Amino acid sequence: MKGGFDHYMQKEIHEQPESIYQTMRGRVRMEPQVQEGSLDPYKQQRIKLGGLAEHLETIRSGRRIVFVGCGTSYHASLASRQTVEELVNLPVACELASDLLDRRCPIFRDDTCVFVSQSGETADTLAALEYAKSRGALCVGVTNTVGSAIARSTHCGVHINAGCEIGVASTKAYTSQIAAITMMALALSEDSISKREPRDAVIEGLAHLPDKIRQALALDGEMRELAAKLKGEQSLLVFGRGYNYATALEAALKVKEVALMHSEGILAGEMKHGPLALVDESMPILVVATRDGVHKKMVSVIEQLLARGATKHLLVVCNEGDEEVAGLCASHGCSLIRVPQVVDCLAPVVNIVPLQLLAYHLTVLRGFNVDQPRNLAKSVTVL
Ligand code: M6R
């Protein structure tokens, strides 16, 4: 059942080139095809999401899009928020289901609420769905389980097709959720002439994603070595911003959930507003600094951490060929995790892969249960 792997979590991490491919299969036309008699090669559909087709116009003409989820599913919507904002040009909110319910958050009949859930059975997400329905919103499901309560109760949706996920720690569902929401944004912006160029870049990025994930998986041995260095530590701070704020949150969740080590994902822009006080020469820190619109700011974050002496365990996720970050880190003996570069909005998919591996190896080396972490269940079906 584990196909030669020791644990389901490990198997599911390594399945990601295939699971992400399955999420896109039959839904993305990778090459624009010039149609006979058509002067405009773009006048064709490149994204086909059958479950959403009839509702695209309603969503486009709505007031805003509200993503709702818990845990990793919430992180997947955070990772994709900027893509939806940029391509669809609508305000986008991301809500934790329990918090939305606690606040009785205002939801309107011209809102689109998107419920993101691997299992499709999470009690808080389901209760938030019933609440949004009672307010008259269009409810869309992004789930991995056909026939689940959320898949049945929503008006329409996208199945992520990642395949069965058994490990309590969600890994392949996370990357497939990001791909599915990205496809949703592409489908919603299909009519927009001004978005053609960015859309083409994202579609091109999707086409290469399975290979890029494969390259990131090749870091497995390096991640085991880093885990061996970190295994006796008490805490790990993870800094990211922009698209990779979600990567920081998700990496920290994996570390605390399975390796049972305290870990905190921190928006790098907030560093000076409190977290910097925790930084000294012994604090283990991971920084996600791949090349994107906030790269310069992340280089400055690394400089500031180094200036506070954070050198014992400074791990930096950067792109292959990023000599600026490499040079900065080499002079202080920091560890580099070099991942392939992809279009900005898909970087969270590639960047999380070595960090999932790091959490996995940390768990094994610390001697904890990988697939059934203490006190947790795969699916949280009670409020
Ligand atoms: O099935 P769901 O996606 O609705 O589950 C939501 C969370 O319970 C889940 O993502 C949880 O955070 C994971 N175990 C994290 O790895």
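A few points on the structure. Everything numeric here is computed off the predicted structure, so don't read it as measured data. (Residues numbered from 1 in each chain as written. Predicted model: local features only at pLDDT ≥ 70, side-chain atom pairs only at ≥ 80, totals over all residues. Heavy atoms only, no water.)

### Describing unusual backbone geometry
Then step 1. With a phi close to 60°, N89 is a non-glycine residue in the positive phi region.
Then step 2. Classification of N89 as exposed rests on a relative accessible area of 58%.
Then step 3. In the Ramachandran plot, L260 falls in the positive-phi region, its phi being about 50° despite a non-glycine side chain.
Then step 4. As for its position among the elements, L260 is in the loop between α11 (245-259) and β7 (262-267).
Then step 5. For L260, a relative accessible area of 21% translates into the label partly exposed. (Buried < 20%, exposed > 50% of the residue type's maximum accessible area, 1.4 Å probe, protein only. Helix = DSSP H or I, 4+ residues; strand = E, 2+ residues; numbered from the N terminus.)

### A few points about the pattern of salt bridges
Then step 1. Enumeration according to the criterion identifies 14 salt bridges in this entry.
Then step 2. Close ionic contact of R60 with D191 constitutes a salt bridge, the shortest N to O distance being 3.7 Å. Here R60 is found in helix α3 (residues 56-60), whereas its partner D191 is found in the loop between α8 (172-188) and α9 (196-217), with 131 residues between them in sequence.
Then step 3. The salt bridge involving R214 is made with D211; its shortest N-O contact spans 2.6 Å. (Salt bridge = Lys/Arg side-chain N within 4 Å of Asp/Glu carboxyl O.)

### Some thoughts on the nonpolar core
Then step 1. Membership of the largest hydrophobic core comes to 89 residues, with the highest contact counts inside it found for L52, F67, M184, L286 and I337.
Then step 2. The greatest single-element share of this core, amounting to 12 residues, is contributed by α8.
Then step 3. Not counting chain neighbours up to four residues away, the residues in contact with M184 comprise L49, L52, V114, V140, V142 and V158.
Then step 4. Counting 27 residues, the second-largest nonpolar core is a separate cluster that includes L276, A289, V299 and L305. (Core = buried A, V, L, I, M, F, W, Y, C linked by side-chain atoms within 4.5 Å. Contact = heavy atoms within 4.5 Å.)

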